[in-house]
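This is what each chain is made of:
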Amino acid sequence: MIRIVGVQKSDKAGQEFVLLQNQGSMRVRLRGHVVVAENALATGGYSNAIHLFSDDVEVMPGWYVLLRTSLGEPRWSSTSEGQRVFYTYMN
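The rules behind each value
Residues numbered from 1 in each chain as written. Predicted model: local features only at pLDDT ≥ 70, side-chain atom pairs only at ≥ 80, totals over all residues. Heavy atoms only, no water. Helix = DSSP H or I, 4+ residues; strand = E, 2+ residues; numbered from the N terminus. Buried < 20%, exposed > 50% of the residue type's maximum accessible area, 1.4 Å probe, protein only. Contact = heavy atoms within 4.5 Å. pLDDT = per-residue confidence, 0-100. Pairing = 2+ DSSP bridges. Core = buried A, V, L, I, M, F, W, Y, C linked by side-chain atoms within 4.5 Å.

Next up on the list: the environment of S78. Secondary-structure assignment places S78 in strand β8 (residues 75–78). A relative accessible area of 42% places S78 in the partly exposed class. For the pair S78 and W63, spaced 15 residues apart in the sequence, the C-alpha separation amounts to 9.8 Å. Setting aside anything within four residues of it in sequence, one finds S78 in contact with Q83 and R84.

Now the structure itself:
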């Protein structure tokens, strides 16, 4: 089960991100999950307020996904504490 565990808002779009974590007990395929801004649900305007994950990766229990609003290439990395994080971008 993937849950949002952190949000960083900013006036600069390239500095915003959403941090997700697999809090379930099974691995989860990221592809097909969607993040939608709350205001898009209220107004029906989905153009810039929705992200559909196309990354075909498996997220193990306890691992993280960091969705950034900037440009970049998706990649796996580890934090200084040894946590696995998949970085992906809205471009």
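Another point: the confidence of the model for the chain. Per-chain confidence: the chain averages 91 in pLDDT, with 97% of residues scoring 70 or above. Within the chain, strand β6 (residues 58–59) carries the highest mean pLDDT (98), whereas helix α1 (residues 38–43) carries the lowest (78).

Turning to the environment of G6, a few remarks are in order. Structurally, the position occupied by G6 is in strand β1 (residues 2–8). G6 has contacts with F17, V18 and L19, leaving out every residue within four places of it along the chain.

The subject of this paragraph is the pairing of strand β7 (residues 64–68). Two strands pair when backbone bridges link them, and strand β2 (residues 17–22) and β7 are joined in this way by five bridges, in the antiparallel orientation. Across the sheet, residue V18 finds its bridge partner in β7, namely L67. Taken together, the five bridges between β7 and strand β9 (residues 84–89) define a ladder with parallel strand orientation. Within β9, the residue paired with R68 across the bridge is Y89.

Looking now at the nonpolar core. Counting residues in hydrophobic clusters, the biggest one holds 10 residues: V18, L20, L30, V35, F53, V57, V59, V65, L67 and F86. For this core, the secondary-structure elements that each account for two or more residues are β2 and β7. Excluding anything up to four places from it in sequence, V18 contacts I4, G6, V65, L66 and L67.

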